[in-house]
Amino acid sequence: MAQSRRAGLTRQMMIEAALRLLDEVGLDGLTVRRLATELGVQSPALYWHLRNKQELLDGMADAIVVAAGMGPPRDGESWQDWLARRARAYRESLLAHRDGARIVANAARLSPATLRMFDEELTAMVGHGFTPLLALRTITALTHYTNGAVLQEQATRQERTEGQEPADGTPNRTEGREPGDGPQDRMAAMAEMLDGGMEATLLVAFREGGGSFGEETFEYGLRALIDGTAAALALQRPDRPV
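All values reported here derive from a predicted model rather than from experimental measurement.

What counts and how
Residues numbered from 1 in each chain as written. Predicted model: local features only at pLDDT ≥ 70, side-chain atom pairs only at ≥ 80, totals over all residues. Heavy atoms only, no water. Helix = DSSP H or I, 4+ residues; strand = E, 2+ residues; numbered from the N terminus. Buried < 20%, exposed > 50% of the residue type's maximum accessible area, 1.4 Å probe, protein only. Contact = heavy atoms within 4.5 Å. Areas by Shrake-Rupley, 256 points an atom, 1.4 Å probe, with all protein chains shown as cover. 1 Å grid on protein atoms, 1.4 Å probe; cavity = no way out; pocket = protein on both sides within 12 Å on 5 of 7 lines; lining within 4 Å. Points joined across faces, edges and corners; volume = space filled by probe spheres on them. Nonpolar A, V, L, I, M, F, W, Y, C, P; charged D, E, K, R; others polar. Salt bridge = Lys/Arg side-chain N within 4 Å of Asp/Glu carboxyl O. Expected span 1.5 Å × (residues − 1). Phe/Tyr/Trp six-rings, centres within 6.5 Å; stacked < 30°, edge-to-face > 60°. Polar contact = N/O pair within 3.5 Å; in protein donor to acceptor, adjacent residues only side chain to side chain. Axes fitted to C-alpha atoms, helices over the stretch in contact; angles between N-to-C directions. Parallel < 35°, antiparallel > 145°, perpendicular 65-115°, else oblique.

Looking at this structure, I do not really get the overall build of the chain. What am I missing?
Helix and strand content of the chain: 12 helices and 0 strands. Looking at the 242 residues of the chain, the share that counts as buried comes to 36%. Considering only intrachain contacts with a sequence separation of at least 6, the fraction spanning at least 24 residues in the chain is 71%. Of the roughly 14,100 Å² of accessible surface on the chain, a fraction of 54% belongs to carbon and sulfur atoms.

Shown next, in the form of structure tokens:
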């Protein structure tokens, strides 16, 4: 029975099952043994398709990146609109899975097919006046920014989840971490420390929503990066409109 299950198992099936399991248990709870149980096989059966856990995580990261949609700008689409659309779709793909940003940020490599699509994107940017170097740095900066923004956003969501007590009243928290000890809580606490009888600018900013990690904050940073890229491109090619 185990032999027949192993024969029918594919790498793609394992990655899809691992992503489903990720949504249930998170990255820290995802183990090869747990995945094997989910698939109804023994752990050694998985190593017929993947050499180690890192290769599994790389496959999961690749699936998340591809799910965002890759490819050059559409006909008539400006590079600015394309970069914004690309970054938003990438953010949504990361958010679609629990710890999605952690999975992608820690990936060791992506598949050759994904790298080829990435090269097509860079080639399209060169057609819009970018040098290969500026194209690569632009995509890298947007990718790192989106990864970081979603890492923070997902950490904040996890704080809220851990702060909710289960129905049986058992404290719900990560081992070694106290309630209110997340990044958003710490920043808010630091802002409150400045409220010594006067309206500290940091505290005012927090009251106006400056401490939130979500779409509005992401959009502000995205626009700043795209505007900055336009300025860099103008300096690189002053004779060409951007």
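From this point, the discussion proceeds with the structure in view.
Looking at this model, I keep getting lost on the layout of surface pockets. Mind explaining?
Volume-wise, the largest pocket comes out at about 450 Å³. Around the largest pocket sit 21 residues that line it, and Val65, Tyr90, Val104, Leu110 and Thr143 are the ones nearest its centre. Only helix 6 (79-95), helix 7 (100-105), helix 8 (112-127) and helix 9 (132-162) provide two or more residues apiece to the lining of the largest pocket. No other element matches helix 9, which puts 6 residues into the lining of the largest pocket. Looking at side-chain class alone, the lining of the largest pocket contains 13 nonpolar, 6 polar and 2 charged residues.

I'm lost on the pattern of salt bridges in this one. Help?
Between side chains of opposite charge, a pair can form as their charged atoms come close. Tallied over the entire structure, the rule returns 9 salt bridges. Measuring nitrogen to oxygen at the nearest pair gives 2.7 Å for the salt bridge that ties Arg86 to Glu121. Separated by 35 residues along the polypeptide, Arg86 in helix 6 and Glu121 in helix 8 bring together distant segments of the chain. Like Glu121, Arg86 is buried. Taking the shortest distance from any N to any O, the salt bridge between Glu153 and Arg91 comes out at 3.1 Å. Here Glu153, found in helix 9, pairs with Arg91, found in helix 6; they are 62 residues apart in sequence, far enough to count as distant.

Please clarify how helix 12 (residues 215-236) should be interpreted in this entry.
Given 3.6 residues per turn, any residue in an α-helix points the same way as the ones three and four places further on. For helix 12, with 22 residues, the first-to-last C-alpha span of 31 Å sits near the 32 Å given by 1.5 Å per residue. When helix 12 is considered as a whole, its buried residues turn out to be Phe218, Gly221, Leu222, Ile226, Thr229, Ala230 and Leu233.

Help me out: how do you make sense of the packing of aromatic side chains in this one?
Following the criterion strictly, the structure yields 2 aromatic pairs and no others. A ring pair is formed by Trp79 and Phe130, whose centres lie 5.1 Å apart and whose planes are at 90°; its orientation type is edge-to-face. Of the two residues, Trp79 sits in helix 6 while Phe130 sits in the loop between helix 8 and helix 9, which places them 51 residues apart along the sequence. In this pair, the class of Trp79 matches that of Phe130, namely buried. Judged by centre distance (5.3 Å) and plane angle (15°), the rings of Tyr145 and Phe218 are stacked. Highlighted residues: Tyr145 in helix 9 and Phe218 in helix 12, separated in sequence by 73 residues.

Before we go on, may I ask you to explain the side chain of Asp99 in this structure?
Assignment of secondary structure puts Asp99 in the loop between helix 6 and helix 7. Polar contacts involving the side chain of Asp99 include one to the main-chain amide nitrogen of Leu27, which spans 2.8 Å. Not counting residues up to four positions away in its chain, the partners in contact with Asp99 are Leu22, Gly26, Leu27 and Gln154.

Explain the packing of helix 2 (residues 11-29) against helix 5 (residues 53-67) to me, please; I cannot follow it from the model alone.
Geometry of a packed helix pair, given as the angle between the helix axes and the separation of the axes. At their nearest, the axes of helix 2 and helix 5 sit 9 Å apart, and the two run at 90° to each other. With respect to each other, helix 2 and helix 5 are oriented roughly perpendicular. Taken together, the residues of helix 5 that come into contact with helix 2 (itself represented by Arg11, Met14, Ile15, Ala18, Leu19, Leu22 and Leu27) are Glu55, Leu56, Leu57, Gly59, Met60, Ala63 and Ile64. By residue class, the composition of the contact of helix 2 with helix 5 is 11 nonpolar, 1 polar and 2 charged.

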